[in-house]
Amino acid sequence: MNPYILATLLFGLGLGTTITFASSHWLLAWMGLEMNTLAIIPLMAQHHHPRAIEATTKYFLTQAAAAATLLFASVTNAWLTGQWEIQQIAHPLPSTMITLALALKIGLAPLHAWLPEVLQGLDLTTGLILSTWQKLAPFALILQIPPSSSTLLIILGLTSTLIGGWGGLNQTQLRKILAYSSIAHLGWMVLVLQFSPSITLLTLLTYLVMTFSTFLLFKLNKATNINTLAMSWSKAPTLTALTPLILLSLGGLPPLTGFMPKWLILQELTKQGLAPTATLAALSALLTLYFYLRLSYAMSLTISPNNLTAMAPWRFPSTQLTYPLAASTAMTVCLLPLTPAISALLTP
């Protein structure tokens, strides 16, 4: 892609998200979300492959449906209450509609069906933008609106953690596994949203760091399915040794960074008297842990079957910058001891 066009599209992505962050009016927030969607579509369709075009079309249709629902709900709110302010939603009808529209935008279950399919059709770089940056603007709005009903958010959260766990169990494609992982993590964030927005923010930040690290790792190995992971030991042995730590951190295993948000969320849910919800969420984390263990096993404990007739892939040296991967890996593995300091920073 032409660097000028790429710079313009990335600028559009950044500007759309910033407009949504800065807005207190529903029309302006909607405009920021639309800019975001329109800026990423050429990036998704840049490889003229039928799979990429299909993924782009699916993404455009779901995002357009979510944006139309959001606009309809905000107009309904203005009609019922005379307010266009984001934080002034008093009526339960527009509040519920806006929550569901934003859930569709980020891919929360049961409105998640588009996410694995879309992510599977993209290359890893665009998939990284879709899994991280594109979640920020809708999440900023979810954090700002007063929750319409606590039951709705808990149902969305629990469904997402369970579907994110079950969906990834039988997958061999890494991008689909990462999509289901994304759904599960978003479920954890939404579970605790109404009780402690600061913990939701912390979970979102750790999710961004861990996902960034995982996508860069797969990109470095040019891996898109589990079989290609088994050949990574010959390309980058040190990184292959560190990979289980990154994946198990995503799964939330102590003493890695990914354990911190899960621990704080379970603690907060128990404080709120929601022990059954916390138990279900913890059990669903076991499902996601299983498929991360499967990836770790394939990558670092098996050697790809080799016979004389098999064609060995060419191993060109990677041109990817490794500093971002090194920094994000260190943060993915080592931040758990800083939990008290991070909690103190995020607590209002």
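Position numbers for residues start from 1 in each chain and track the written sequence from start to end. Predicted model: local features are reported for residues with pLDDT of at least 70 only, side-chain atom pairs are reported and counted for 80 or more only, and whole-chain, interface and lining totals are derived from all residues. For the side-chain quantities, the full set of heavy atoms in the structure was used; hydrogens and water were omitted.

An unreviewed UniProt entry annotates the protein as NADH-ubiquinone oxidoreductase chain 2 originating from Neolamprologus leloupi. UniProt positions are given in the numbering used here, feature names are shortened, and annotations may be inferred rather than shown by experiment. Taken verbatim from the UniProt record of the protein, the Function (unreviewed entry) comment is "Core subunit of the mitochondrial membrane respiratory chain NADH dehydrogenase (Complex I) which catalyzes electron transfer from NADH through the respiratory chain, using ubiquinone as an electron acceptor. Essential for the catalytic activity and assembly of complex I." Quoted straight from UniProt, the Sequence similarities (unreviewed entry) entry for the protein says "Belongs to the complex I subunit 2 family."

Give me the nonpolar core: which residues, what numbers.
For soluble globular proteins, the rule of thumb is that nonpolar side chains tend to be buried together. By nonpolar core is meant a set of buried Ala, Val, Leu, Ile, Met, Phe, Trp, Tyr and Cys residues that side-chain atoms within 4.5 Å join together. Each residue is placed in one exposure class: buried if its accessible area under a 1.4 Å probe, protein chains only, is under 20% of its type's maximum, exposed if it is over 50%, and partly exposed if it falls in between. With 46 residues, the main nonpolar core has Ile40, Tyr59, Val118, Leu130, Phe218 and Leu295 as its most contacted residues. Boundary definitions for the domains trace back to an automatic or database domain assignment. Structurally, this core is a two-domain feature, drawing no fewer than three residues from each of domain 1 (1-113) and domain 2 (149-306 + 320-347). When residues no more than four places from it in sequence are discounted, the contact partners of Tyr59 are Thr37, Ile40, Ile41, Met44, Trp114, Val118, Leu130 and Gln134. Leu102, Phe139, Leu156 and Leu186 belong to the second-largest nonpolar core, a separate cluster that totals 30 residues. Should any heavy atoms of two residues lie within 4.5 Å, those residues are counted as being in contact.

Help me get a handle on the UniProt feature "domain: NADH:quinone oxidoreductase/Mrp antiporter transmembrane" (unreviewed entry) in the protein, residues and values and all.
Those places that UniProt annotates as "domain: NADH:quinone oxidoreductase/Mrp antiporter transmembrane" (unreviewed entry) correspond, in this numbering, to residues 23-287. Where helices and strands are cited, they refer to DSSP runs of H or I of at least four residues and of E of at least two residues respectively, numbered from the N terminus. Annotation note: span residues 23-287, helix share 75%, strand share 0%, distance between end C-alpha atoms 38 Å.

So what's going on with the domain arrangement of the protein? Which residues, and what values?
The domain boundaries assigned to the protein delineate domain 1 (1-113) and domain 2 (149-306 + 320-347). Between domain 1 and domain 2, the C-alpha centre-to-centre distance is 25 Å. The partner domain 2 presents 10 residues to the 10 residues of domain 1 that form the contact. Reported buried area values correspond to the accessible surface (1.4 Å probe) lost by two parts on association, with both partners' losses combined. Summed over both partners, the interface of domain 1 with domain 2 comes to about 860 Å²; 82% of that surface belongs to carbon and sulfur atoms. It is Leu108, Ala109 and His112 that lose the most area in domain 1 upon contact with domain 2, and together they represent 51% of the buried surface on that side. For salt bridges, the criterion is a side-chain nitrogen of Lys or Arg within 4 Å of an Asp or Glu carboxyl oxygen. Between domain 1 and domain 2 we count 0 salt bridges in total. We define a polar contact as two N or O atoms separated by no more than 3.5 Å, with the added condition that, inside protein, one atom must be a possible hydrogen donor and the other a possible acceptor, whereas residues neighbouring each other in sequence contribute only through side-chain atom pairs. At the junction of domain 1 and domain 2, the tally comes to 1 residue pair in polar contact (both at pLDDT 80 or more). Its residues assigned to classes, the side of domain 1 that touches domain 2 comprises 6 nonpolar, 4 polar and no charged. In the scheme used here, Gly and all other residues not listed as nonpolar or charged are polar, with Ala, Val, Leu, Ile, Met, Phe, Trp, Tyr, Cys and Pro taken as nonpolar and Asp, Glu, Lys and Arg as charged.

Residue-level account of the side chain of Lys176, with values.
Within the fold, Lys176 resides in helix 9 (residues 174-191). A relative accessible area of 18% means that Lys176 is categorised as buried. A distance of 3.4 Å separates a polar atom in the side chain of Lys176 from a polar atom in the side chain of Glu117. Those residues in contact with Lys176 that sit more than four places away from it in its chain are Pro116, Glu117, Gln120 and Gln171.

Which residues make up the pattern of salt bridges, and what are the values?
The final tally for this structure, using the stated rule, is 5 salt bridges. Note that Glu117 is salt-bridged to Arg51, the shortest N-O span being 3.5 Å. With Glu117 in helix 5 (residues 114-120) and Arg51 in helix 3 (residues 50-81), this pair connects stretches of sequence that are 66 residues apart. Residue Glu117 is classed as partly exposed on the basis of its relative accessible area of 28%. Residues Lys58 and Glu54 are paired through a salt bridge, measuring 2.8 Å at the closest nitrogen-oxygen approach. A residue pair is termed a helical-turn pair when its members lie 3 or 4 positions apart in one helix, as Lys58 and Glu54 do in helix 3 at 4 residues. Note on Glu54: relative accessible area 35%, which makes it partly exposed.

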